[in-house]
Amino acid sequence: MPQMGVSVAEGTITAWRKRPGDWVERDEVIVEISTDKVETEVPSPAAGRVAELLVEEGSTVDVGTLLAVIDTGARPGQAHADESTGNGNGKAPPVSPVVRRIADEHSVDLAAVSGTGRRGRVTKKDLLAFIEQGAGAPAKPAERPLHSESPYREEPAPAPAAGTAEGEQLSVLRRQIGEHMVHSLHTAAHCTTIVEADMTAIEAARGRLSYLPLVARATIAALREHPRLNATLEGDRLKVWDEVHLGIAVSLGEEGLIVPVVRNAHELSHEGLGARIKDLAARARSKQLSPDEVGGGTFTITNPGRYGALLATPIINQPQVAILDLEAVVKRPVVVSDGQGGDSIAIRPMTYFCMSWDHRALDGVGAAEFLGSVKRNVEGWSD
């Protein structure tokens, strides 16, 4: 298990990309690993043929644990011994440890299972389908009457109702997200403050950029004005940071979400922020982030508005003291003033900034003043 960050002590094997007998090139992805900070792909340290997988998928092991053995003396065109000798699965390539364990639990002879994997390997899906068909299920005990002369029989268990959904095991990342969020709710005194902002100036300035980089730049300026929100609270110690390390929540679809961090975001223009956010999001979705790129944030922005959301109460990303939620920008009629006391109704692109904050570190006035600064920076935007 490689060391994937200074604060990472263990990792969970989520998926093996290679199996025993497979050839792997140097720096080719061999395994996917999940830590308490990030899911990432691990490249092979050398070229060779995978001889043995020592840790099953789903297992959590300490950093430094040996995960697999690679035969670096093999050649790409050279057949692996297991591919031509007996291995408990006929002449098909070796199966994964997970498949082997499931087969043992259900007393399944893997030679009887048709494999759809590479070179006919039996996959977990193949084995589960075989078991579901009843081929590998243990024999049922002989049915007998309640009494030797009784005509009654024990009633069979009712079949599942049509449409009943099967349970699904949560992924490692989803479980870690849940634990982190529950911990935050049990730790912080969550409050939410909301302001409405006119995005006309941002709309005119953003060009092909999304709203997020410009709002991030306006937020960073507000954090410089109200530094107590650019802080972390651990126990009873509040640390106010000089640098703004901005966390940006990135959706991974059904797999969950992750919060990579833009280091020293205060040094970047909105164009620079846009480029960094785009890069981090792309690498997050392709599992190419290092654990150090998702830790050490001082303030977080989440952006569900891109999916049409209008209001939210986000959960604080511990140990930070606040998280800002950018909602959808929607054109609607609003009252505008001409600066001389005259009011009129106009159509403007409007949004809500929703911020959850920790009442242990802040009060409502401080939260409202900060959001007021974000609103002023957005509505008064100028290049």
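Rules of the game
Residue numbers here run from 1 along each chain, matching the order of that chain's written sequence. At least 70 in pLDDT is required for a residue's local features to be given in this predicted model, at least 80 for side-chain atom pairs to be given and counted, and no such filter applies to totals for whole chains, interfaces and linings, which use all residues. Only hydrogens and water are set aside when side-chain values are computed; all heavy atoms of the structure are taken into account. Put simply, DSSP H or I for four residues or longer makes a helix, DSSP E for two residues or longer makes a strand, and each gets a number counted from the N terminus. Residue contacts are defined here by distance: any two heavy atoms, one from each residue, within 4.5 Å place the two residues in contact. A helix is expected to reach a length of 1.5 Å times the quantity of its residues less one. Think of it in three bands: residues with accessible area under 20% of the maximum for their type are buried, residues over 50% are exposed, and the middle band is partly exposed, with areas taken using a 1.4 Å probe on protein chains only. If DSSP finds at least two bridges between two strands, the strands pair. Axis geometry follows a simple rule: fit a line to the C-alpha atoms, using only the stretch in contact for helices, then measure angles between N-to-C directions, giving values from 0 to 180 degrees. pLDDT measures the predictor's confidence residue by residue and takes values from 0 up to 100. Contacts described as polar in this section are N or O atom pairs within 3.5 Å, which, within protein, must combine one atom able to donate a hydrogen with one able to accept it, while residues neighboring in sequence count only if both atoms come from side chains. In this scheme, patches are assembled from residues that exceed 30% relative accessible area and form no salt bridge. Like charges are connected within 9 Å, while nonpolar side chains (Val, Leu, Ile, Met, Phe, Trp, Tyr) are connected within 5 Å. Per-residue and other accessible areas were derived by the Shrake-Rupley procedure at a 1.4 Å probe size, with only the shown protein chains allowed to occlude residues. Salt bridges, as used here, are contacts in which a Lys or Arg side-chain nitrogen is within 4 Å of a carboxyl oxygen on Asp or Glu. Whether two aromatic rings pair depends on their centres lying within 6.5 Å, for rings of Phe, Tyr and Trp, where Trp uses its six-membered ring; planes under 30 degrees apart make the pair stacked, over 60 edge-to-face, and the rest tilted. Definition used: whenever NZ (Lys) or CZ (Arg) falls within 6 Å of the ring centre and also within 35 degrees of the ring normal, the charge is taken to sit over that ring.

Caption draft 1: Quick look at unusual backbone geometry. At the junction of Q318 and P319, the peptide bond is cis and its omega measures out at 5 degrees in the coordinates. With respect to the element layout, P319 can be found in the loop between strand 15 (299–302) and strand 16 (322–326). Backbone geometry places S107, a non-glycine residue, at a positive phi of 55 degrees. Take S107: it is sitting in the loop between helix 1 (97–105) and helix 2 (124–132). You will see that N264, though not glycine, has its phi angle at about 50 degrees, which is positive. Its location among the elements puts N264 in the loop between strand 14 (261–262) and helix 6 (270–285).

Caption draft 2: Focus on the environment of L326. Within the fold, L326 resides in strand 16. On a C-alpha basis, the gap between L326 and L212 in space is 7.8 Å, while along the polypeptide they are 114 residues apart. Once you skip the residues sitting within four places of it in the chain, L326 turns out to touch Y211, L212, V215, T302, N303, P304, G305, T351, Y352 and F353.

Caption draft 3: Seen up close, helix 6. Its 16 residues give helix 6 an end-to-end C-alpha distance of 22 Å, which sits within 8% of 22 Å, the value for a rise of 1.5 Å per residue. All buried positions along helix 6 are accounted for by H270, L273, G274, I277, L280, A281, R283 and A284. Of the residues one or two after helix 6, K287 is the one with positive phi, at around 60 degrees.

Caption draft 4: Representation of the sheet that holds strand 1 (residues 10–16) in the model. Here we have four strands laid out as an open sheet, ordered 4-3-1-6, and antiparallel in their pairing. Pairing within the sheet leaves two strands with one partner each, and these edge strands are strand 4 (39–43) and strand 6 (60–62). The sheet shows a mean angle of 40 degrees between the axes of neighbouring strands, taken without regard to direction. As defined by bridge partners, strand 1 adjoins strand 3 (residues 29–34) across four bridges and the pair is classed as antiparallel. Counterpart to W16 in the pairing with strand 3 is V31. The strands touched by helix 3 (residues 172–187) are strand 1, strand 3 and strand 4; relative to strand 3, the strand with the most contacts, the crossing angle is about 25 degrees.

Caption draft 5: Summary view of the confidence of the model for the protein. Looking at the protein, the pLDDT average stands at 84 and 84% of residues meet or exceed 70. Taken together, the stretch residues 86–92 has pLDDT below 50 and engages in 18 contacts with residues farther than four places along the chain or on a different chain. In this model, residues 136–154 is a region of pLDDT below 50 whose contacts with residues beyond four sequence positions or in other chains number eleven contacts.

Caption draft 6: Broad picture of the sheet that holds strand 2 (residues 23–24). Overall, antiparallel pairing links the three strands, which are arranged 2-5-7 in an open sheet. Two strands close off the open sheet at either side, each with one partner strand: strand 2 and strand 7 (68–71). As paired strands, strand 5 (residues 48–53) and strand 7 are joined by four bridges and run antiparallel to one another. Of the residues in strand 7, the one forming a bridge with E52 is V69.

Caption draft 7: Representation of the side chain of R283 within the structure. The topology assignment puts R283 in helix 6. Within polar-contact distance, the side chain of R283 engages the side chain of E293 at 2.7 Å. Each residue touching R283, except ones within four places of it in the same chain, is listed here: Q288, L289 and E293.

Caption draft 8: Structural view of the pairing of strand 16. Across the five residues that make up strand 16, a large majority, five, are buried. With burial as the criterion, each face of strand 16 is covered, one bearing A322, L324 and L326 and the other bearing I323 and D325. Bridge count for strand 15 against strand 16 is three bridges, and the pairing is parallel. Paired with I301 across the two strands is L324, which belongs to strand 16.

Caption draft 9: Region of interest: a nonpolar patch on the surface. There is a patch of nonpolar side chains on the surface, built from I194, L310, L311 and V330 and spanning about 330 Å² of accessible area. Here L310 lies in the loop between strand 15 and strand 16. Residue L310 is classed as partly exposed on the basis of its relative accessible area, which comes to 46%.

Caption draft 10: Fine view of the packing of aromatic side chains. Under the defined criterion, the tally for this structure stands at one aromatic pair. Seen in terms of ring centroids, F299 and F370 are 5.7 Å apart; in terms of plane orientation they differ by 55 degrees. Their pairing is tilted. Placement of F299 in strand 15 and of F370 in helix 7 (residues 364–379) is noted, with a sequence separation of 71 residues between them. Note on accessibility: F299 and F370 belong to one class, buried. In this structure, R206 packs its charged tip against the face of Y211, placed 4.0 Å from the ring centre. The ring of W241 is capped by K239, whose NZ or CZ atom sits 4.1 Å from the centre of that ring.

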